[in-house]
Each structure stands twice: as structure tokens, then as C-alpha cells.
Amino acid sequence: MRNQTILISGGGIAGPALAFWLRRFGFAPTVVERARGPRDGGQAVDFRGAALEVTRRMGLYDAIHRARTAMGAVSYVDGLGRHRATLPAEIMSGEVEILRGDLVHILHDATRNDTEYLFGDSIAAMDTGDDGVAVSFASGATRTFDLVVGADGLHSNVRALTFGDESQFSRYLGYHLSIFSVPNFLGLEYTGHFYNVPGKLAGMYSARDNTEARALFYFASPPLGYDHRDDEQQKKILEQRFAGESWEVPRLLKEMRNAPDFYFDSTTQIRLPSYSRGRVALLGDAGYCASTLSGGGSGLAVVGAYVLAGELARARGDHETAFARYESRMRGYVDANMKLAEGAGNWLVPPSGTWIRMRNLNYRLLPYMPWKGLITKTASQAANAIELEDYGP
Ligand SMILES: Cc1cc2nc3c(=O)[nH]c(=O)nc-3n(C[C@H](O)[C@H](O)[C@H](O)COP(=O)(O)OP(=O)(O)OC[C@H]3O[C@@H](n4cnc5c(N)ncnc54)[C@H](O)[C@@H]3O)c2cc1C
């Protein structure tokens, strides 16, 4: 087997899932993660179709199922908290829904004993030669690996070092979102409340068997310039955008100041002409972020990890063959999930009062409509738009 040592940048979802399969197939992965430990936070993520099948093949389905949110329908409310319409559970939560942070911990636990993790570090520079990639880390250490995989998210460092500036490949979909933990002060039980004004959504839903809750914010805007790593700047943006709004918005913004896991980003897709260059490949959001509006990002990460590791094993480590097959198997599946994001913003964050009323009316009438299964059917088709090979062992 060629190319045994593989450095993975990013210990979120894609990175540990890849490490899992690489170990299974006899490679020696190292994961470098910028955070000091597994990085909690984020909203609940849906698992459907092929991604669920991969978790079964990993033997992690039961752990994921046990940690599922069991979330029911979500209520759209008005400024006084009065119920206006119901967002059905099957649209909101997929086949199995789990908090992103819980998934990160399950994947880390499944790999920590046989994968080298370098927390609190990051790749500073890479120099690709004929026999490997010489890597300098921010900590000052230097090492050479046979291959490098960028699984470091939407603002991937490996992508920037290999392909150049993010702006060439990013497609902004018009919204920013924020999510963070708050106490469950509304006493929500396996449900959530979403409040809209034109171009904005504020929401709260229960988590971890109602012992906690998550606050969720979306707002429409032109692209914003800010530092991706400056939480304080991002919190101020959110406060300004939602200043003066009613419902529970002031309380949620106050709780934001105590939240241990504040997350803020844009709804952006990454569209690259190729998922690899030389000895470097990209995986998950780093290679093909479908955006939070698609609901398929974690599925793409988990399935992509399986296919990338499987193709490397099948090609006995020949990265040129494996990377080409990885890309050809993934493209259609990626494109189908990217499509899910189109138009989704108008439903979640309607642009006008008329849109909000039409959306609510649509959800009220949905149970009686012949097309009631269409939304879940489209999501399910995208989630199954790949045939999973059996790579053994
Ligand atoms: C804290 C957090 C919260 C999130 N919340 C949401 C959410 O609410 N809704 C949503 O749709 N998506 C969210 N996402 C994105 C979502 O997790 C991904 O879309 C999806 O799960 C694909 O996973 P990924 O592993 O490719 O990327 P990610 O889950 O983003 O993981 C990337 C990892 O790379 C690490 N990293 C970044 N830069 C470097 C670097 N230079 N060196 C080393 N490591 C680096 C990050 O710390 C992170 O752990 C969140 C991501 C994070 C990190």
C-alpha cells in the first residue's frame, strides 16, 4: 500500500469520519485541529439516506440514534408568541437528527484510541514534492506526510493554501446565521418556536431532552465584511441587526453574551472545479460546502469520508487514481444536495409580510394537499443520490 501517512486538517465531522475509515483500511491518519479539543456547538444536523447507511457501516448508528434529538414539529409564532403555523417534524429533522456537537464527540470517541490528534495547532505552510508534502505547523513543528486532506470547513485553510483565495469559489446565498446554547427558559419540550419579520428569523428550540435549548438567528443581507474568527465583532453585528425586534429576541440576545458555543457564518456554497490537486484533496465543507440551507452538509461530509478512504484503499494508496474516482463518485451527490439550498431561504426567512403569511398559510394547508410529501421526497432523493460501493474489509 502506497501513501500510508495522511494528514487531515480539521477535526469537525469530515475529518474524524475520514480518520475512522483510513484506519479501518490500514492507513495512518493524523488529525490537526485548530481548537483545543473536539469543537462543540452548532445546530442539530439531519441524517438521511446514504449518510445513515455509512453510520451503520461504521457501527455508530446506535450511538447516533441514542443521541437523537427526537424533535417534534416546530411552531411559527407571532411577536406575542402566539402560534401561527406548524413546521412538520419530518421537514425540520430528517430521518435521524442529532446535535452537531454530539456527533463531533461520537466521531472523536470512535477514533481517539488509534488516530493521532494534534489539537490547538494548524498548518502554516505546505510544500508538495514528488514523494510527499512537507508541512510546517503554526506551532513551529515540521513533518512530512504522504498526502494531505483539507477537512477544515467552509473557510478551509488547506483550500486557500492549495487553490487560492476563497472568494474565487464561494457563492453567497444571501443570509447569515447564528446559533448558540441558551437555557430552556420557555420550557420547550421537544419542540421549537420560530419568529419571522421580513428578512429575519429568530428561533429557539429545546435540546438534550429539554435540559437545554439552542437559539437560532438568520438574516438577509448583502455580503458582509468581518473577521471570521472575531466572535465579538459577529455578536455586535447580530445585536445591531435584531435591535428593537419583539418576541423573545431581547432575552436571546442577552443570553448570547453567556453562551459557551457562539457560532456565526454566512450561507455560502463552495464550488470548485476539482476536489484535489496533486497530493492534496478536499473533503466536506472545505471541498463542497452546500450551505446550511441545504440541510445536507453533514451527510456530504460523512459519505465523502467513506468514499475518499474507500477509493484510496481500492487503489492501494495510488492517490491519482483514488482522488479522480472519489470526485467522479461524489459530484452528482454533491450537486443534488447543493440544489436543495435553492429557494430554501424564502421559506425560512421570507422577504416580506405577504411572503410570511403565504408561507404560514401553506403550512396550515399542507396536511390536506396532494403535494404534502414533496419536500421530504426531494430531500430524500438528494440524500440517496449516490450508490455506495462496498470497499470491505
Ligand atoms: C462550531 C461549528 C458550528 C457549526 N454550526 C452549524 C450550524 O449551526 N448549521 C450548519 O448548517 N452548519 C454548521 N456548521 C458547519 C457544519 O458542521 C458543516 O457544514 C458540516 O457538518 C460539514 O462538516 P465539516 O467537518 O466539513 O466542517 P466543520 O464541521 O465546519 O469542521 C471543520 C473543522 O475544521 C477546523 N478548522 C478550521 N480551520 C482550521 C485550521 N486552519 N486548522 C485546523 N483546523 C481547522 C474547525 O475548528 C472545525 O472543527 C458548524 C461548524 C462548526 C465548526
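Here's what I pulled together on the structure shown here. Just so it is clear, the structure is predicted and the values come from calculations on it, not from any experiment.

### Let's talk about the sheet that holds strand β9 (residues 133–137)
In step 1: With respect to topology, three strands assemble into an open sheet ordered β8-β9-β10, the strand pairing being antiparallel. For this open sheet the edge positions go to β8 (123–128) and β10 (142–145), each flanked by a neighbour on one side alone. If you compare each strand with its neighbour and ignore which way they point, the axes differ by 25° on average.
In step 2: With five bridges joining them, β8 and β9 adopt antiparallel strand pairing. Bridge pairing in β9 links M126 to V135.

### Let's talk about the packing of aromatic side chains
In step 1: Counted under the stated rule, the structure contains 20 aromatic pairs.
In step 2: Measuring from ring centre to ring centre gives 4.8 Å for Y275 and Y288, while their planes differ by 55°; the resulting arrangement is tilted. Here Y288 lies in helix α9 (residues 285–288) and Y275 lies in the loop between β16 (263–270) and β17 (276–277), a separation of 13 residues in the sequence. Of the two residues, Y275 and Y288, both sit in the buried class.
In step 3: An aromatic cluster of at least three residues, connected via ring pairs, comprises F180, F217, F219, Y226, F242, F262 and F264.
In step 4: In this structure, R56 is placed above the aromatic ring of Y61, and the distance from its NZ or CZ to the ring centre is 4.6 Å.
In step 5: When the ring centre of F242 is taken as reference, the NZ or CZ atom of K200 above it lies at 5.6 Å.

### Notes on the side chain of N337
In step 1: Within the element layout of this structure, N337 appears in helix α11 (residues 319–339).
In step 2: Residue classification places N337 among the buried residues on the basis of a relative accessible area of 4%.

### Focus on helix α8 (residues 249–256)
In step 1: Inspection of α8 places V249, L252, L253, E255 and M256 among the buried residues, and these make up the whole buried set. Burial along α8 is one-sided: seen end-on, the buried residues are contained in an arc of 160°. Pointing more than 90 degrees away from the buried face of α8 are the exposed residues P250 and K254.
In step 2: Those residues of α8 that are buried lie in contact with β12 (170–182), β13 (192–197), β14 (200–207), β15 (212–220) and α7 (231–242).

### What to know about the nonpolar core
Side chains that are nonpolar tend, in soluble globular proteins, to be buried together.
In step 1: The biggest cluster of nonpolar side chains holds 59 residues, and the ones touching the most others in it are L18, L283, Y288, V303, L312 and M330.
In step 2: Considering every element that reaches this core, the biggest residue donor is helix α10 (residues 297–314), with 11 residues.
In step 3: Sequence-distant contacts of L283, defined by excluding residues within four places in its chain, comprise A14, L18, V149, G150, A151, Y288, A301, G304, A305 and Y326.
In step 4: In terms of nonpolar packing, the next biggest core, distinct from the first, is built from 25 residues, M92, L201, L216 and V349 among them.

### Digging into the pairing of β14
For a regular strand, the rule is simple: side chains alternate between the two faces of the sheet.
In step 1: β14 sits mainly inside the fold: eight of its eight residues count as buried.
In step 2: The alternating pattern of β14 places K200, A202, M204 and S206 and L201, G203, Y205 and A207 on opposite faces, both of which are buried.
In step 3: Between β13 and β14, which pair antiparallel in sequence order, lie two residues; one of them, G199, sits at a positive phi of approximately 75°.
In step 4: With eight bridges joining them, β14 and β15 adopt antiparallel strand pairing. Counted as the bridge partner of K200 is F219 from β15.
In step 5: Here β14 hands over to β15 after four residues, with R208 in that stretch at a positive phi of 45°.

### Some points on the sheet that holds strand β5 (residues 83–87)
In step 1: Spatially, the seven strands line up as an open sheet ordered β5-β4-β13-β14-β15-β12-β16, and their pairing is mixed. Whereas interior strands pair on both sides, the edge strands pair on one side only; in this sheet they are β5 and β16. Here the strands of the sheet are splayed against their neighbours by 25° on average, with no regard to which way each runs.
In step 2: Of the strands in this sheet, β4 (74–77), β5 and β13 are in contact with helix α13 (residues 353–365), which crosses β5 at around 60°.

### Details of the site of the ligand
In step 1: Lining the immediate surroundings of the ligand are 29 residues, of which A14, E33, R100, D285 and T292 lie closest.
In step 2: A distance of 3.1 Å separates a nitrogen atom of the ligand from a polar backbone atom of R34.
In step 3: The separation between an oxygen atom of the ligand and a polar side-chain atom of R39 is 3.0 Å.
In step 4: Coverage of the ligand by the protein chains reaches 92% of its 910 Å² of free accessible surface.
In step 5: Residue assignment for the shell around the ligand shows that the elements contributing at least two residues are β2 (28–33) and α10.
In step 6: Take the shell around the ligand: its biggest share by element is three residues, from α10.
In step 7: Along the lines of polarity and charge, the residues of the shell around the ligand split into seven nonpolar, 14 polar and eight charged.

The rules behind the values
- Residues numbered from 1 in each chain as written.
- Predicted model: local features only at pLDDT ≥ 70, side-chain atom pairs only at ≥ 80, totals over all residues.
- Heavy atoms only, no water.
- Pairing = 2+ DSSP bridges.
- Helix = DSSP H or I, 4+ residues; strand = E, 2+ residues; numbered from the N terminus.
- Axes fitted to C-alpha atoms, helices over the stretch in contact; angles between N-to-C directions.
- Phe/Tyr/Trp six-rings, centres within 6.5 Å; stacked < 30°, edge-to-face > 60°.
- Buried < 20%, exposed > 50% of the residue type's maximum accessible area, 1.4 Å probe, protein only.
- Lys NZ or Arg CZ within 6 Å of the ring centre and 35° of its normal.
- Arc of directions from axis to C-beta.
- Contact = heavy atoms within 4.5 Å.
- Core = buried A, V, L, I, M, F, W, Y, C linked by side-chain atoms within 4.5 Å.
- Near = heavy atom within 4 Å.
- Polar contact = N/O pair within 3.5 Å; in protein donor to acceptor, adjacent residues only side chain to side chain.
- Areas by Shrake-Rupley, 256 points an atom, 1.4 Å probe, with all protein chains shown as cover.
- Nonpolar A, V, L, I, M, F, W, Y, C, P; charged D, E, K, R; others polar.

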